[in-house]
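If you want the building blocks of each chain, they are given just below.
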Amino acid sequence: MSVAAGIVAGMVLMNLLFPPRCPGCGTWGARVCARCLALFGLPKRVPGAGPPVFALAAYAGAARELVLAFKERGRRELAAVFGALVAAAVPHLPGVGPDPWLVPAPSRASAARARGGSHVMRMARASGFSVAPALAFARGVRDSVSLDAASRRANLAGRVRLVPDRLPPPGTPVVLLDDVVTTGSTARACVSVLKAAGFGVPAVLTLTTARRTHPHG
Ligand SMILES: [Zn+2]
């Protein structure tokens, strides 16, 4: 076997042992394939009361898989992908000036520790915008995945708090950033805390929405 043939054989073997796969759909050969990336579009208004929420994709299929890979399966390299999507989306948010600060929605402290830091924070940093981790959950907030809307509100009431030494500069317009919005309870609680502290929050930006969209939403 020639040296070149040996190198090629080695590369083939490496790809067989550690094949690159898209974390969204499992397609071989790309980190995030073009088809999965194309699921995330420009920000669309999520219907419903409360603060204006804008999402880039539905929380379903490969888009959901990508978010879960980033959030739960340690695929930290996705921060760059999601950061780029956020950077492209922010200029399209109505009422948001050219230089807003991003405030990541809080993670439960235990969840963030298990993930080695807040994934929303990482994606915010990767976007290139200024970031202020100004919100945290108080103790006693349960993971909201299994709760219905009323229970979520009760779970969150008064449980989002300001982190006083991590605020954006006074008067800065702020975009609240999250990975998925379901009932919107978290977004509502976060925005009311920011507004009470004197910040304008023209928009909430989330990667995905699990909220059902119907005419009376
Ligand atoms: Zn894919």
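Treat the numbers as computed from the prediction; the structure is a model and nothing was measured. (Residues numbered from 1 in each chain as written. Predicted model: local features only at pLDDT ≥ 70, side-chain atom pairs only at ≥ 80, totals over all residues. Heavy atoms only, no water.)

Turning our attention to the pattern of salt bridges. Considering all chains together, one arrives at 4 salt bridges under this definition. Among the salt bridges present, the one from glutamate 65 reaches arginine 73, with a minimum N-O distance of 3.2 Å. Judged by its relative accessible area of 46%, arginine 73 falls in the partly exposed class. Close ionic contact of glutamate 77 with arginine 75 constitutes a salt bridge, the shortest N to O distance being 2.8 Å. In this structure, a network of salt bridges that share partners links the residues Arg64, Glu65 and Arg73. (Salt bridge = Lys/Arg side-chain N within 4 Å of Asp/Glu carboxyl O. Buried < 20%, exposed > 50% of the residue type's maximum accessible area, 1.4 Å probe, protein only.)

Within the secondary structure, cysteine 25 sits in the loop between helix 1 (3-17) and helix 2 (34-37). Under the relative-accessibility criterion, cysteine 25 is labelled partly exposed at 35%. If we skip the residues at most four places from it in the chain, cysteine 25 touches Cys33 and Cys36. (Helix = DSSP H or I, 4+ residues; strand = E, 2+ residues; numbered from the N terminus. Contact = heavy atoms within 4.5 Å.)

Right, let's talk about the coordination of the zinc ion for a bit. For a metal with four tetrahedral donors the ideal donor-metal-donor angle is 109.5 degrees, while six octahedral donors give ideal angles of 90 or 180 degrees. All of the protein donors around the zinc ion are Cys22 (SG), Cys25 (SG), Cys33 (SG) and Cys36 (SG); their distances to the metal are 2.3 Å. If you list the donors of the zinc ion from N- to C-terminus, the spacing comes out as C-x2-C-x7-C-x2-C. The burial state of cysteine 33 is the same as that of cysteine 36; both residues are buried. (Donors = N, O, S within 2.8 Å, 3.2 Å for Na, K, Ca; no water.)

All right, on to the nonpolar core then. Phe40, Phe82 and Leu205 are the most contacted members of the largest nonpolar core, which totals 35 residues. Elements represented by at least two residues in this core include exactly strand 2 (53-58), helix 3 (61-71), helix 4 (78-89), helix 6 (119-126), strand 7 (174-181) and strand 8 (203-209). Each of two domains, domain 1 (1-38) and domain 2 (40-209), supplies a minimum of three residues to this core. Ignoring any residue separated from it by four or fewer positions in sequence, one finds phenylalanine 82 in contact with Phe40, Leu66, Val67, Phe70, Met123 and Leu207. Judged by nonpolar contacts, the second largest core, of 22 residues, contains Val103, Ala105, Val191 and Val201. (Core = buried A, V, L, I, M, F, W, Y, C linked by side-chain atoms within 4.5 Å. Domains from an automatic or database assignment.)

In short, the description is geometric, and any link to function would need to be established separately.
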